[in-house]
Amino acid sequence: MAHLSIIGTGNMGQAISSVVTKGGNTVELLGQTDTDKPVTGDIVVLAVPYPAIDQVLAERGEQLKGKIVVDITNPLNFETFDSLTVPADSSAAAEIAAKLPGSRVLKAFNTTFAGTLAAGTVGALTTTVLVAGDDADAKATLIGVISAAGLKAIDAGALKRAREMEALGFLQISLAAKETVSWTGGFGVVA
């Protein structure tokens, strides 16, 4: 059984919490104002908007050492919704990993919407969570947590695959913002 700390209590934080507890694991939800409460989970999910990441890392960076840290962000330009804000040869996850050298950083949950995580389905398909990272044990641990909840999880490769995952997440958000797909829809994986 795993114990997760989720920093962020919005829709995604709540949906990930639901997934984790459905699989028999435990969760603590920490709002951005709960800086006085220590992070106790072995897995820490950063369920905050990308612009808030630097503040979270400044406040909690020391607490994240030795932990699996899961970046769920899509670093898009929130003013224009027309581009990613990280360099083309990088990703939000790579930037976080560089700032947390003592943590095992993974990218996950950014290609699913909160509604499909909570429902466990995307249309007729079981929700699939893509997981990228450079630490095989960390990926296996997170994939086990996701699978225990009845969702599919796919090892998407090394952390450098986060760039493509962020582009896919950006595309999905763009389509939903234009109402081409619903916020309870999205991409499914048939494997």
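Residues numbered from 1 in each chain as written. Predicted model: local features only at pLDDT ≥ 70, side-chain atom pairs only at ≥ 80, totals over all residues. Heavy atoms only, no water.

Asks: Describe in detail the overall build of the protein chain, supporting the description with residues and values.
Replies: Scanning the protein chain for helices and strands turns up 6 helices and 9 strands. Taken over the C-alpha trace, the protein chain has a radius of gyration of 15 Å; the compact-globule value for 191 residues is 16 Å, and the two agree within 12%. Every one of the 191 residues in the protein chain was classed for burial, and the buried ones make up 49%. Taking all contacts inside the protein chain whose residues are at least 6 apart in sequence as the whole, residues at least 24 apart take part in 68%. Within the structure as shown, the protein chain displays about 8,500 Å² of accessible surface, and the carbon and sulfur contribution to it stands at 54%. Charge centroids of the protein chain, computed over 14 positive and 19 negative side chains, lie 5 Å from each other. (Helix = DSSP H or I, 4+ residues; strand = E, 2+ residues; numbered from the N terminus. Rg over C-alpha atoms; globule rule 2.2 N^0.38 Å. Buried < 20%, exposed > 50% of the residue type's maximum accessible area, 1.4 Å probe, protein only. Contact = heavy atoms within 4.5 Å. Areas by Shrake-Rupley, 256 points an atom, 1.4 Å probe, with all protein chains shown as cover. Lys, Arg positive; Asp, Glu negative; His and termini not counted. Charge placed at Lys NZ, Arg CZ, Asp CG, Glu CD.)

Asks: So what about the sheet that holds strand β2 (residues 26–30)? Which residues, and what values?
Replies: Here 7 strands make up an open sheet; going across it, the order is β2-β1-β3-β4-β5-β8-β9 and the pairing mixed. Only two strands of the sheet have a single neighbouring strand rather than two, namely β2 and β9 (152–157). Across the sheet, the axes of successive neighbouring strands diverge by a mean angle of 25°, strand direction being ignored. Of the strands in this sheet, β1 (3–7), β2 and β3 (43–46) are in contact with helix α2 (residues 53–60), which crosses β3 at around 145°. Relative to the sheet, helix α6 (residues 162–177) contacts β4 (68–71), β5 (104–108), β8 (128–133) and β9, its axis offset from that of β8 by approximately 145°. (Pairing = 2+ DSSP bridges. Axes fitted to C-alpha atoms, helices over the stretch in contact; angles between N-to-C directions.)

Asks: Can you break down the pairing of β8 residue by residue, with the values?
Replies: Across the 6 residues of β8, 6 count as buried, placing the element largely inside the fold. Burial along β8 is two-sided: T128, L130 and A132 and V129, V131 and G133, pointing in opposite directions, are all buried. Taken together, the 3 bridges between β5 and β8 define a ladder with antiparallel strand orientation. For L106, the partnering residue across the bridge sits in β8 and is G133. Inspection of the sheet shows β8 paired to β9 by 5 bridges, in the parallel sense. Considered in β9, the bridge of V129 is made with A153. Regarding the hand of the β-α-β motif, the stretch spanning β8, helix α5 (residues 136–148) and β9 is right-handed. (Right-handed = clockwise from strand over helix to strand, strands pointing away.)

Asks: I'd like a description of the nonpolar core, backed by residues and values.
Replies: Core analysis: the largest hydrophobic core is formed by 28 residues, its most contacted members being I16, V70, F109 and L117. Of all the secondary structure elements, the ones that give two or more residues to this core are β1, α1 (11–22), β3, β4, β5, α4 (114–119), β8 and α5. If we skip the residues at most four places from it in the chain, L117 touches M12, A15, I16, V19, F109, T112, T127, V129 and L151. V48, Y50, L57 and L100 belong to the second largest nonpolar core, which has 18 residues in total. (Core = buried A, V, L, I, M, F, W, Y, C linked by side-chain atoms within 4.5 Å.)

Asks: If you had to explain unusual backbone geometry to someone new, which residues and values would you point to?
Replies: The phi dihedral of F109 falls on the positive side, at around 70°, and the residue is not glycine. Residue F109 is classed as buried on the basis of its relative accessible area, which comes to 2%. Despite not being glycine, E179 has its phi angle at roughly 60°, a positive value. Tracing the sequence through the fold places E179 in the segment after α6. Given a relative accessible area of 70%, E179 falls into the exposed group.

Asks: Describe the side chain of T128, naming the residues involved and giving the relevant values.
Replies: The residue T128 is located in strand β8 in this model. Exposure remark for T128: the relative accessible area of 7% places this residue in the buried category. Leave out the neighbours within four places in its chain, and T128 touches T112, K152, I154 and V189.

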